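In case you want the letters, here they are:
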Amino acid sequence: MKLVKKILSKLNGLHYCQEYLCFARESYQQSLHAYVVNDRHIIKDITNHHLFVGYCPLVFVFTNIEFAEHIDLIFSQRLLQPNEQFAKKDAIAYLQLKKIKQQPVGKKMIAYYEGIYGTHHFQSFFQQLISSVNNRLYNKKAGNVFLPGNLYKQVQLAYAIPRMISLITVGDGSLVNLFPTDLHGQVDSDHYVISLRIGGKAAAQVEAAGKLLIAELYAAAYKEVYTLGKNHMQELKPATCFPFSGLLSTGFQLPLPKPGYAYRELLLLESFIHGIHRIFLFKIVIRQQVVPSNGGLAHIHNSYASWRYKNKLPGNYLLR
C-alpha cells in the first residue's frame, strides 16, 4: 500500500508534500478573488466579505447582503468590477451554494449558505481523479472527517482563500483548554461566529462556559499551533500545561497564549448544529491589541498553492 500511495503522490500534480501551507497573511501577494455572479456578470466581490465556518458540509456566512436562495461564486486571479462580464478563462473555480439559515444580529441579518457543487482547475482532470482515489483510500481513518465525492473539491476551493488560524482559550482561569481554529470570523463590529465539531470536548467546553478568548497569532508560531490541534479532544487542565504568556485578559481574566498579538473576549449568545458542526454566535465584549503584529498566521490548501507555483505566483510558505 505504501508503494500505491507513493505512485498516487507522484501523479496528483501537487507540488508540496503538506495538505495545508502556512504563511504570514500580511505578506501574501496576489490572492485569489471570490465573486457572486449571475448570467456571466459580476454581482459582488465577496473575497473579504464572507466567513468560512463549516467543511462537512461546506458552510459560508454572509452579512447584511440580500442574496437569493441559491447563489453562484467564481474564483479568479483577475480583479473584476460589478456588472463586468467575465470570460470563461477568468474563472479558475466555481462554487454553487444554497441558503440554509438566516439569523438576526442586532438590526442586521446574517445568512448561512451550504455548498452544493464545486469545481476547479487547480489540477488537471486526471490529477483530480488521482487525488480523489487517494482521498478514498487513505482519508477514511479513525479520528479523521472523510469528505466524500464533490465535498472534497468544495473544501479545496474554500481553502484557496487564505484562512486565519487563531487560538481559543476556554475555562475558568484555573482549569482551561487551548486549541486552534480556522472556522471563524467577525460578522460586524459587535458579533463573531465560530464553528467547532460536535462530539469534540472543545465544543462542549465552550457551550458550558458561555464565553471564551480568541487570540490572533504570529505566523512564526505555526509549528507550535498545529501541535495544539489534539486539544479539541482534551479535558480542561491547569493553565501551566499550556504555552501561555503569563498575561491575563482584561475582562474574563483568561490566560493569553504566548504567540498571540491581539485578542477578543466573546460572550456566547446562541448556537445551532449543522452537519458535524456546532456554530456559535458571540457578542464581542472587548478587542485588545497586546503587541504590534508583524504577520498573522494563515493557511491555504495545497491544490491552489500548487496552481500558484505552476503559474509563477509568489508563495511565502512556512513548511512544517
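Residue numbers run consecutively from 1 along every chain, following the written order of its sequence. Restriction of local features to residues with pLDDT of at least 70 applies here, the model being predicted, together with a cutoff of 80 or more for giving and counting side-chain atom pairs; totals for whole chains, interfaces and linings are based on all residues. Only heavy atoms go into the side-chain values, all of them from the structure, while hydrogens and water stay out.

Caption draft 1: Local environment of the packing of helix α1 (residues 2-11) against helix α2 (residues 125-138). Taken N-terminus to C-terminus, the directions of α1 and α2 make an angle of 150 degrees; their axes are 9 Å apart at the nearest point. Accordingly, the angle class assigned to the pair α1 and α2 is roughly antiparallel. Note on packing geometry: the crossing formed by α1 with α2 is left-handed. Note on element contacts: α2 touches α1 through Phe126, Gln127, Ile130, Val133, Asn134, Leu137 and Tyr138, opposite Val4, Lys5, Leu8 and Leu11. Classifying every residue of the contact of α1 with α2 by side-chain character gives eight nonpolar, two polar and one charged. Lines fitted to C-alpha atoms define the axes here, with helix axes fitted over just the stretch in contact, and angles between the N-to-C directions of these axes take values from 0 to 180 degrees. Numbering goes from the N terminus for both helices and strands, where a helix is a DSSP run of H or I of at least four residues and a strand is a run of E of at least two. For classification purposes, an angle smaller than 35 degrees is called roughly parallel, one larger than 145 roughly antiparallel, one from 65 to 115 roughly perpendicular, and anything else oblique. When the near helix sits turned anticlockwise from the far one by under a right angle, the crossing is termed left-handed; a clockwise turn instead gives a right-handed crossing. In what follows, residue pairs with any heavy atoms lying within 4.5 Å of each other are defined as contacts. Residues are grouped as follows: Ala, Val, Leu, Ile, Met, Phe, Trp, Tyr, Cys and Pro are nonpolar; Asp, Glu, Lys and Arg are charged; every other residue, Gly included, is polar.

Caption draft 2: Structural view of the sheet that holds strand β9 (residues 163-164). Whether two strands pair depends on DSSP finding at least two bridges between them. If you trace the three strands from one edge of the open sheet to the other, you get β1-β20-β9, paired in antiparallel fashion. Strand pairing shows two members of the sheet lacking a second neighbour, β1 (20-24) and β9, which therefore form its edges. As paired strands, β1 and strand β20 (residues 297-301) are joined by five bridges and run antiparallel to one another. Bridging across to β20, Cys22 finds its partner in His299. Contacting β1 and β20, helix α6 (residues 302-310) crosses the sheet at an angle of about 85 degrees to β20.

Caption draft 3: Seen up close, the packing of aromatic side chains. Aromatic contacts are taken between Phe, Tyr and Trp rings whose centres are within 6.5 Å, Trp giving its six-membered ring; a plane angle under 30 degrees counts as stacked, one over 60 as edge-to-face, and the others as tilted. Using the criterion set out here, one finds 14 aromatic pairs in the structure. Note on Tyr112 and Phe272: the rings are 5.0 Å apart at their centroids and 85 degrees apart in plane angle, and the pair reads as edge-to-face. Of this pair, Tyr112 sits in strand β8 (residues 108-120) while Phe272 sits in strand β18 (residues 260-274), placing them 160 residues apart in sequence. Since its relative accessible area comes to 1%, Tyr112 is described here as buried. The buried label goes to any residue with under 20% of its type's maximum accessible area, the exposed label to any with over 50%, and the partly exposed label to all in between, with areas taken from a 1.4 Å probe on protein chains only. On the basis of relative accessible area, Phe272 is assigned to the buried category, the value being 14%. Taken together, the ring pairs connect Tyr16, Phe23, Tyr28, Tyr309 and Tyr317 into an aromatic cluster. Consider the ring centre and the ring normal. A charge sits over the ring if Lys NZ or Arg CZ is within 6 Å of that centre and within 35 degrees of that normal. Directly above the aromatic system of Phe272 lies the positively charged group of Lys101, at a separation of 4.8 Å from the ring centroid. If you follow Lys211 out to its NZ or CZ, it ends over the ring of Phe252, 4.9 Å from the centre.

Caption draft 4: Looking closely at the pattern of salt bridges. For salt bridges, the criterion is a side-chain nitrogen of Lys or Arg within 4 Å of an Asp or Glu carboxyl oxygen. Under the definition given, this model contains eight salt bridges. With a closest N to O distance of 3.1 Å, Glu216 and Arg264 form a salt bridge. Here the residue Glu216 occupies a position in strand β14 (residues 211-217), and Arg264 occupies one in strand β18, the gap between them amounting to 48 residues. Since its relative accessible area comes to 16%, Glu216 is described here as buried.

Caption draft 5: Inspection of the side chain of Arg163 at higher detail. Position of Arg163 relative to the elements: it lies in strand β9. In this structure Arg163 is buried but unpaired, with Asp182 as the nearest side chain of opposite charge at 7.4 Å. Polar contacts here mean pairs of N or O atoms no more than 3.5 Å apart (in protein, one a potential hydrogen donor and the other a potential acceptor; neighbouring residues in sequence count only if both atoms are side-chain atoms). A distance of 3.1 Å separates polar atoms of two side chains, one belonging to Arg163 and the other to His50. Ignoring any residue separated from it by four or fewer positions in sequence, one finds Arg163 in contact with His50, Phe52, Phe60, Ala158, Asp182, Leu297, Ala298 and His299. For this count, His and the chain ends are skipped, Lys and Arg are scored as positive, and Asp and Glu as negative.

Caption draft 6: Up close: unusual backbone geometry. With an omega dihedral of 5 degrees, the bond running from Cys56 to Pro57 counts as a cis peptide bond. With respect to the helices and strands, Pro57 occurs in the loop between β4 (51-55) and β5 (58-63). At Asp39, a position not held by glycine, the phi torsion is positive, near 50 degrees. Examined against the element boundaries, Asp39 turns out to sit in the loop between β2 (33-38) and β3 (41-45). One non-glycine residue with positive phi stands out, namely Asn83, at about 75 degrees. When you line up the elements, Asn83 lands in the loop between β6 (70-76) and β7 (93-105). Judged by its relative accessible area of 64%, Asn83 falls in the exposed class.

Caption draft 7: Highlighting the environment of Lys283. You can see Lys283 is positioned in strand β19 (residues 277-289). You can call Lys283 partly exposed: its relative accessible area is 38%. Residues Lys283 and Lys237, 46 residues apart in the sequence, show an inter-C-alpha distance of 26 Å. Dropping the residues within four chain positions of it, Lys283 is found in contact with Asp190, His191, Glu265, Leu266, Leu267 and Leu269.

Caption draft 8: Quick look at the state of the cysteines. For this text, the term disulfide refers to a pair of cysteine sulfurs within 2.5 Å. Taken as a whole, this structure holds zero disulfides when the rule is applied. Summary of cysteine pairing: Cys17 is not part of a disulfide, and the nearest cysteine sulfur, belonging to Cys22, is at 12 Å. Residue classification places Cys17 among the exposed residues on the basis of a relative accessible area of 77%. What makes Cys22 buried here is its relative accessible area of 0%.

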